[in-house]
Amino acid sequence: EAKEANGNTYRLFSREMERKLSQRLEMETSLRLGLHREEFFLLYQPQFDMRNQQLVGIEALVRWNHPVRGLLTPESFIDLAEETGLIAPLGDWILREACKQWQQWQKSDGQPLRLAINLTNRQFQNANLAKDIQAIIEEAGLPPQSLELEVTEATLMQNASSADKFLGQLKELGVQLSIDDFGTGYFSLAYLQHLPIDRLKIDPSFVQGGPGDSNHASIVTTIIDLARNMDLELIAEGVESASQIKFLLEKGCHLGQGYYFSEPLDGDGIGNLINGLPEPPQKARDLDFRLP
Ligand code: C2E
Ligand code: MG
Ligand code: MG
Ligand code: MG
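Residues numbered from 1 in each chain as written. Chains lettered and ligands numbered in written order. Predicted model: local features only at pLDDT ≥ 70, side-chain atom pairs only at ≥ 80, totals over all residues. Heavy atoms only, no water.

As recorded by an unreviewed UniProt entry, the protein chain carries the name Diguanylate cyclase and is attributed to Syntrophotalea acetylenivorans.

Q: Would you mind showing me how to read the coordination of the magnesium ion (ligand 3) here?
A: Perfect tetrahedral coordination of a metal by four donors corresponds to 109.5 degrees between them, and perfect octahedral coordination by six donors corresponds to 90 or 180 degrees. On the protein side, the magnesium ion (ligand 3) has Asp-180 (OD), Asp-181 (OD), Glu-237 (OE) and Glu-237 (OE) as donor atoms, found 2.0 to 2.8 Å from it. The motif formed by the donor residues of the magnesium ion (ligand 3), counted along the single chain, is D-D-x55-E. A separation of 4.3 Å is found between the magnesium ion (ligand 3) and the magnesium ion (ligand 2), which are bridged by Asp-180. In this pair, Asp-180 is assigned in strand 6 (residues 176-182) and Glu-237 in strand 8 (residues 233-237), connecting sequence segments 57 residues apart. Asp-180 gets classed as buried once you look at its relative accessible area, which sits at 6%. Judged by its relative accessible area of 10%, Glu-237 is buried. (Donors = N, O, S within 2.8 Å, 3.2 Å for Na, K, Ca; no water. Helix = DSSP H or I, 4+ residues; strand = E, 2+ residues; numbered from the N terminus. Buried < 20%, exposed > 50% of the residue type's maximum accessible area, 1.4 Å probe, protein only.)

Q: How should the pattern of salt bridges be read in this particular structure?
A: Two side chains carrying opposite charge are able to pair once their charged atoms lie near each other. Tallied over the entire structure, the rule returns 17 salt bridges. One salt bridge connects Arg-51 with Asp-49, and the closest N-O pair in it is separated by 3.0 Å. Look at Arg-51 and you get partly exposed, because its relative accessible area is 37%. We note a salt bridge from Asp-92 to Arg-96, for which the minimum N-O separation is 3.0 Å. Within this pair, Asp-92 and its partner Arg-96 are both found in helix 4 (residues 87-104), separated by four residues, close to a single helical turn. Owing to a relative accessible area of 27%, Asp-92 belongs among the partly exposed residues under this scheme. Residue classification places Arg-96 among the partly exposed positions, given a relative accessible area of 41%. (Salt bridge = Lys/Arg side-chain N within 4 Å of Asp/Glu carboxyl O.)

Q: Honestly, the nonpolar core in this entry has me stumped. Any pointers?
A: Inside soluble globular proteins, nonpolar side chains tend to come together where they are buried. In this structure, Phe-77, Leu-115, Leu-170 and Leu-200 are the most contacted members of the largest nonpolar core, which totals 78 residues. Sort the elements by how many residues they give to this core and helix 4 lands first, with seven residues. Apart from the residues lying within four places of it in its own chain, the contact partners of Leu-200 are Ile-179, Phe-182, Ile-223, Leu-226, Ala-227, Leu-232, Glu-233, Leu-234 and Ile-235. (Core = buried A, V, L, I, M, F, W, Y, C linked by side-chain atoms within 4.5 Å. Contact = heavy atoms within 4.5 Å.)

Shown next, in the form of structure tokens:
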């Protein structure tokens with residue numbers, strides 16, 4: 001169509017497409033190389049019981065130390081990894097690396113720390129996933145109940161007819177399962193009831209709107225009531241302020257993660273949090289609210 005209208009338009013259009021395509025190819029090549037050169041690393045977002053600031057778990061978050069572009073967050077490469085299929089080796093590396101690092105944080109006395117790992121749609125659909133995970137956690141000596149797998153509400157909706165089966169296979173390993181970004185997808189409650197899920201992660205958009213925005217506040221209240229009725233655990237994501245914490249605790253959501261407590265930390269940071277620091281992070285200590 002552009003060609004018929006005007007030769008210049010066509011050339012511009014095709015140049016733009018060419019630029020996008022070559023950028024994509026370049027990114028795909030560097031992703032492949034990056035895996036080979038071990039340019040990826042993991043950060044961990046600590047998760048707290050907001051009633052007593054106890055560390056209850058960590059969520060692994062991948063980063064890419066790109067040789068030219070610098071530090072990249074997943075939003076700039078996860079989709080491409082997903083489309084190109086490179087999520088398979090990347091996802092495999094993430095699982096192995098997180099389980100390996102997890103080993104070094106275990107104290108002989110304490111409760112094992114829960115490790116949460118995100119799965120993309122394509123990873124979730126992989127027929128070998130359960131088998132692969134079983135091999136990885138056995139090798140790392142990670143008790144299955146200490147591993148939590150996060151699948152987004154969007155992924156479950158895209159796999160509506162098979163999600164039950166896939167989740168069931170993972171659940172058979174003895175791992176915990178959570179729905180990430182919950183509340184964003186108008187999920188059918190009747191459907192949710194049949195899934196072998198342990199935990200809902202309330203999406204940051206509702207947590208952050210919470211106390212002030214009455215719409216968001218009522219969504220949070222609805223999710224909390226739902227979780228209670230269905231006997232699901234809850235964790236709030238993206239907690240950034242004391243007023244959000246107060247609101248969540250009043251409504252009955254006890255677990256939280258977010259910048260208020262800590263930004264994602266590297267392995268050493270998590271080690272310090274577990275072993276080195278007897279006291280919780282500064283900000284968390286300053287909290288003073290009455291428990292409901
Ligand atoms: P997610 O699983 O919902 O992860 C939470 C995201 O929120 C992380 O961004 C985290 O850094 C950010 N965050 C944490 N606390 C706060 C806060 O208080 N305020 C705000 N505004 N943001 C906060 P990140 O690391 O950029 O990850 C983005 C998404 O990329 C993740 O969302 C997840 O869907 C995906 N992702 C991250 N790491 C992995 C991975 O290892 N594997 C897979 N498959 N996906 C990953
Ligand atoms: Mg997540
Ligand atoms: Mg989330
Ligand atoms: Mg997200």
